[in-house]
Amino acid sequence: MSADPSKVPPFRRIANELRAEILRGDLSPGDKIPSQEQLEQRFGASRATVRKGVAVLATEGLVTTSQGKASIVRERPNVSLRQTGSIYRARRATGEANFNAEARAQGQRVHQEIREVVEAPAPEAIAGRFRLAPGAPMVVRRLLFVADGKDGAGDTPLQLCDGYYDATVARGTRLADARLIKGGANALIEDPEGPIGRRITQFIEDLDIRMPYPHEIEQLTIPVGVPVARVVRTAYDSAGDVLEVLDSIVPCDRHVFRYVIDV
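Residues numbered from 1 in each chain as written. Predicted model: local features only at pLDDT ≥ 70, side-chain atom pairs only at ≥ 80, totals over all residues. Heavy atoms only, no water.

A. Examining the sheet that holds strand β4 (residues 110–121) more closely. In spatial order, the strands read β4-β5-β6-β9-β8-β7; together these six strands make up an open sheet with antiparallel pairing. The open sheet has two edge strands with one neighbour each: β4 and β7 (200–210). Taking the axes of each pair of neighbouring strands and ignoring which way they run, one obtains an average angle of 20 degrees across the sheet. With nine bridges connecting them, strand β8 (residues 228–237) and strand β9 (residues 242–251) associate as antiparallel partners. Note that in β9 the partner of Val228 across the bridge is Pro251. The sheet contacts of helix α5 (residues 98–105) involve β4, β5 (137–147) and β6 (156–166), and relative to β4 the element is tilted by about 160 degrees. (Pairing = 2+ DSSP bridges. Helix = DSSP H or I, 4+ residues; strand = E, 2+ residues; numbered from the N terminus. Axes fitted to C-alpha atoms, helices over the stretch in contact; angles between N-to-C directions. Contact = heavy atoms within 4.5 Å.)

B. Spotlight on unusual backbone geometry. Despite not being glycine, Arg131 shows a phi value in the positive range, around 60 degrees. When you line up the elements, Arg131 lands in the loop between α6 (124–130) and β5. Taking relative accessible area as the criterion, Arg131 reaches 60% and is therefore assigned exposed. One non-glycine residue, Thr221, lies in the positive phi region at around 45 degrees. (Buried < 20%, exposed > 50% of the residue type's maximum accessible area, 1.4 Å probe, protein only.)

C. Region of the structure containing the nonpolar core. Core analysis: the largest hydrophobic core is formed by 23 residues, its most contacted members being Val110, Val139, Phe145, Leu158, Tyr165 and Leu175. Mapped onto this core, the elements with two or more residues apiece are α5, β4, β5, β6, α7 (167–170), α8 (185–190) and β9. Of all the elements, β5 adds the most residues to this core, at four residues. Residues contacting Phe145, with those up to four places away along its chain left out, are Phe99, His111, Gln112, Thr156, Pro157, Leu158, Gln159 and Cys161. Membership of the second largest hydrophobic core comes to 18 residues, among which are Ile22, Phe43, Val50 and Val73. (Core = buried A, V, L, I, M, F, W, Y, C linked by side-chain atoms within 4.5 Å.)

D. Region of interest: the side chain of Arg210. Its place among the elements puts Arg210 in strand β7. On the basis of relative accessible area, Arg210 is assigned to the buried category, the value being 16%. A polar contact of 2.9 Å, which involves the side chain of Arg210, links it to the side chain of Glu216. (Polar contact = N/O pair within 3.5 Å; in protein donor to acceptor, adjacent residues only side chain to side chain.)

E. Molecular detail of the pattern of salt bridges. The final tally for this structure, using the stated rule, is 20 salt bridges. Across the pair Asp26 and Arg24 runs a salt bridge, and its minimum N-O distance is 2.6 Å. Residue Arg131 is joined to Asp241 by a salt bridge in which the shortest nitrogen-to-oxygen separation is 3.9 Å. Within this pair, whereas Arg131 is found in the loop between α6 and β5, its partner Asp241 is found in the loop between β8 and β9, the two being separated by 110 residues in sequence. Taken together, the shared-partner salt bridges connect Arg13, Glu17, Glu21 and Arg42 into one network. (Salt bridge = Lys/Arg side-chain N within 4 Å of Asp/Glu carboxyl O.)

F. Representation of the environment of Ile222 in the model. Mapped onto the secondary structure, Ile222 falls in the loop between α9 (214–220) and β8. Owing to a relative accessible area of 6%, Ile222 belongs among the buried residues under this scheme. It is 9.9 Å that separates the C-alpha atoms of Ile222 and Thr59, two residues lying 163 residues apart in sequence. If sequence neighbours within four positions are ignored, Ile222 has contacts with Pro212, Glu216, Ile217, Val228, Pro251 and Arg254.

G. The packing of aromatic side chains, seen in detail. Inspection of every chain in the model, using the stated rule, returns zero aromatic pairs. Directly above the ring of Phe203 sits Arg233, whose terminal nitrogen or CZ lies 4.0 Å from the centroid. (Phe/Tyr/Trp six-rings, centres within 6.5 Å; stacked < 30°, edge-to-face > 60°. Lys NZ or Arg CZ within 6 Å of the ring centre and 35° of its normal.)

H. Region of the structure containing helix α2 (residues 36–43). When we look at burial in α2, the residues that qualify are Leu39, Glu40 and Phe43. The arc enclosing the buried residues of α2, seen along the axis, measures out at 105 degrees, which places them on a common side. Residues of α2 that are buried in the fold lie against α1 (10–24) and α3 (47–59). Looking one or two places after α2, you find Gly44, whose phi comes out positive at around 60 degrees. (Arc of directions from axis to C-beta.)

I. The arrangement of the environment of Cys161 in detail. Here Cys161 shows up in strand β6. Note: C-alpha distance between Cys161 and Arg115 (46 residues apart in sequence) is 9.5 Å. Each residue touching Cys161, except ones within four places of it in the same chain, is listed here: Arg115, Arg141, Arg142, Leu143, Phe145, Leu246, Asp247 and Ser248.

Structure, rendered in structure tokens:
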């Protein structure tokens with residue numbers, strides 16, 4: 001049963017009507033929502049009530065607000081992370097990193113930025129996946145995935161991704177260099193003429209949905225109220241050995257996960 005409109009708080013009514021306009025497409029990404037004065041007149045509401053209503057939309061990730069500027073409907077670049085073996089191989093065949101190729105196939109342009117490449121002790125959970133002792137040396141590649149802005153809009157950070165590699169395998173290879181790898185780390189791992197030369201035959205992903213930590217909010221510019229998915233993806237070869245573990249933080253308002261399960 002729907003709530004009695006007369007009992008809906010005024011700020012909620014403002015938020016509800018503006019939300020409906022955004023979801024219907026009456027207000028498109030990048031559009032300014034009506035000014036504070038226009039909303040005051042439209043709803044017969046006080047300035048404080050209007051601000052409270054718009055704040056609801058900001059916490060839902062629908063609009064961006066800043067002091068002294070108009071509130072704007074958020075651009076929300078969504079990359080559908082479609083997980084099948086055939087898609088993985090098709091994207092690998094493009095010569096681009098898998099994420100970049102998948103985003104491009106969906107009309108998005110993305111790039112990756114290196115935050116850090118270090119050799120560091122493996123956290124216990126990561127070491128366990130490699131069947132190594134906690135603290136075993138790992139080469140860690142910390143990347144930021146970014147969606148390129150359109151029509152002058154700013155870039156949008158999409159995810160933080162930490163890639164872990166057994167240091168006894170990765171030392172002396174481009175995995176240990178603080179620069180991007182053409183085709184991504186998997187291309188280097190699978191290159192039959194490269195230093196590793198091992199084929200990935202299986203991925204297993206574990207997802208954990210939670211609210212973001214302060215440093216994640218800052219690095220990914222996550223609006224209030226938007227959760228993140230922590231996605232831990234483990235890559236195996238045909239012998240069952242782990243070649244890579246990717247530990248990613250993904251804002252849930254920028255990605256769609258799709259898994260195809262053949263039974």
